[in-house]
Amino acid sequence: MATTKPTATTTTPVVAFKFGPTTDITQLNGADIAKLTSANLTALTSSQINLLTPSQISVFNSSMVAAIGNNKNFGLISEEALNAIAPKLIPSLSSKGVALLSQTKLESLSASQISNLTPDQIKLSTSKLTIEALDPKFFTALSAKSFNTLTTSQLGKLTEDQISGLTSTQISTFDSKDLTAIKIVGLSNIAPSAITGLNRNTIASLSKDQILGITSDQASFLTSGQVQALNSSQLGLFEPEVISALMPSTIKGITANAISSINSIAFGLLSSSQIAAFTPAQIAALNTDAISVLGSDQTAGLTADQMAKFNVANLSVSAVTALTPQAIKGIASNQVANITLDAFSQFTSAQIAAFTPAQITALTTDAISNLNADQSIGLTPVQIAKFSSVKISSLLSDALTGLTPNTIRSIGLDAIQGLNPDAFKEFTSAQIAAFAPVQIAALTSDQISALGSDQSIGLNPAQIAKLNLNYLLPQSLVGLTPATIKGIAPSAISSISSDAFGLLTSGQVAAFTPKQIEALTVGAISAMGADQASGFTAEQAIKFPSAGISSLSKDAVAALNANALKVLPISTFSQLTSDQIPSLTIKQIATLSSNQLASLSEDAINALTSGQVQAMAPANFKGLYAKQPDAESQAAVLTTSIISALDSKKLDLFSTNLLESLSGPQISYLSPEAKSWVTTKGYHILDTTSPNYTTPSPNNGDTLHIYTYTTKPILKYATFNGSELNLYYTVDNSQSSPKSESGTN
């Protein structure tokens, strides 16, 4: 085929071959096709149009598409060739041309091609089609503008499948008439995601049957604006399950006026996040039935702002106990009393800690009495400060034991006396230690008496200084630490029960200050045993009450520290009685000074044992008799126990007068070692134990035996002949030949 070369100014191709009805179009390549004029295309025969291939169509431009669309035979184009038209060129087809396409060919269009169909194209073509027979995908692919060309009558013919394929933008074209035209079952088949397309006006016009046709899946896509368009009557038609499908963000759109119309059962199906979406105004509009069905799953999502609008009396126990601490803070003060006792008893410590001071003030005594230790541990200092004496007295002892130290420290002075005394028996030492001194000073006698040793161990010096010790039981004193004992005012010592002193440890006794010791009563001292007395220190002994020393038991005297005993003032030591003296140990006696021994009464001296005398240092021993005015008086105070304990060192302290003032019975109690010492001094001792001894008042002819304990020549025995005493000597205490001498004395 020959062609002519166009001139430089020619822009329209010139066909070099004669193209006519008989031309075999299948022989034309893409370049040839591109040279066809609009006239050529408009004049194509039915067979030529039918034989066009996709590759030939692919070179068509908008003018060519428009031209072929105006061909009366366009309806004969093959599906393959039709599908080759570029989607963006579809609008170039004339509406009449599109109307020539069969329903099957229209359905064969790709989604992109369909979406590019113009409203005019659709309007003309659908008027000739069987709407209900069209593939649902065809409608799905239509643009909203094109879809909007469907008449109400045509919309009424849409099938369930066709409706379910509609998009939200297509749905947005519906007006109330369109929606009415759709079958009821059809409305329910709108795709859930497409339901968002319903505009507010359309939503507001929904009939009862249409609303009842809305499914839960569809409801989950409803927007806040859509539900806001619903009136109370419409919203009341929603099934509970449908309401429960609304998104939290959608719920916010429900008007306060419409809230009360919602089926109350629906509120029991809502999640905590849905409940949390309600505005305070919506919450305030809830009716009693709606509130009563709320369970823990719902109320767990409530906020403080929401709770401020709640009538708590209508909430179930489980609903109240599920409230978060933050939500509890929002409960109005005038609603606090509406919390049931059952609910209150189930609160956690974290929930209790959330109550505001104003809410605490509004609590009833019955509610407070339901608190237990696990809950009261949550009470804060700020909260407890709001408790009156009456309210704090409502706290059971179990609840009081749960109070933290910080909380205890904040109990008001006007409320402190309301604390249940039984609770003090259960307080820990740490809780007791938390009381401020001014609180301690305000405690009642019953509260103080309830303290045991487990509690009193927590008292500190500052507290004990303020405690009324008149009511502290003996066993409670046992719990005081040494440091705390030092804090007792000396003037308060006499207030302590005497029996308490008998329960102290030696360590506690050692903790008393000298001024406290000075204040001890006779009753307190008499109650002390060995365990207590062993704790007295030298520093304390200096201040030991002189009037009380005689009240110590024998065991207590024996337990006194030797270092403490030796520094006892003379005025105090002298008060030891004859009953106490024998209890002094050898170690104690050995430390006593001469002045202390000299201060003892005659009865006390008489009570000394030989063992005690033996333990005395010679210089100190002299104190026993040195205070007597003369030798005869000195000899008189030396008991047989003292005499029997004398050794040479102690005898060496005796003056000649004292030695010669000893009576015969006293001499007889001297130990062998003491007697030996006496004989070395030139004295002879009558042996009253000899079988030959007859009487201390010799008669004529009586033999008097004299024993000595030395190896010096000594008098062995003597005979008395009235006016003459014959003396017989021996050198070695044997019976060798005696030497006789005569004398008168």
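Scoring rules and cut-offs
Residues numbered from 1 in each chain as written. Predicted model: local features only at pLDDT ≥ 70, side-chain atom pairs only at ≥ 80, totals over all residues. Heavy atoms only, no water. Core = buried A, V, L, I, M, F, W, Y, C linked by side-chain atoms within 4.5 Å. Buried < 20%, exposed > 50% of the residue type's maximum accessible area, 1.4 Å probe, protein only. Helix = DSSP H or I, 4+ residues; strand = E, 2+ residues; numbered from the N terminus. Contact = heavy atoms within 4.5 Å. Salt bridge = Lys/Arg side-chain N within 4 Å of Asp/Glu carboxyl O. Arc of directions from axis to C-beta.

1. What to know about the nonpolar core
Phase 1: The biggest cluster of nonpolar side chains holds 204 residues, and the ones touching the most others in it are Phe355 and Phe654.
Phase 2: With four residues, the top contributor of residues to this core is helix H5 (residues 62–69).
Phase 3: Not counting residues up to four positions away in its chain, the partners in contact with phenylalanine 654 are Phe621, Tyr625, Leu638, Leu646, Leu659 and Leu662.

2. Some words on helix H71 (residues 672–680)
Phase 1: Looking at H71, one finds that the buried residues are Ala674, Lys675, Trp677, Val678 and Thr679.
Phase 2: Backbone geometry just downstream of H71 places glycine 682 in the positive-phi region, at approximately 95°.

3. Comments concerning the pattern of salt bridges
Phase 1: Inspection of every chain in the model, using the stated rule, returns two salt bridges.
Phase 2: Here lysine 425 ties to aspartate 422 by a salt bridge, and the two come within 3.8 Å at their closest N and O atoms. Highlighted residues: lysine 425 and aspartate 422, both in helix H44 (residues 421–426), separated by three residues, approximately one helical turn.
Phase 3: Looking at lysine 425, the relative accessible area reads 48%, which means it is partly exposed.
Phase 4: What makes aspartate 422 partly exposed here is its relative accessible area of 41%.

4. Focus on helix H10 (residues 119–126)
Three- or four-residue spacings in an α-helix give side chains the same orientation, since the helix completes a turn every 3.6 residues.
Phase 1: Gln121, Ile122, Ser125 and Thr126 are the residues of H10 that are buried. For H10, the angular spread of buried residues about the axis comes to 105°, placing them on one side. The outward face of H10, more than 90 degrees from its buried face, is lined by the exposed residues Asp120 and Lys123.
Phase 2: Those residues of H10 hidden inside the fold are in contact with helix H7 (95–99), helix H8 (103–108), helix H11 (136–141), helix H12 (144–147) and helix H13 (152–157).

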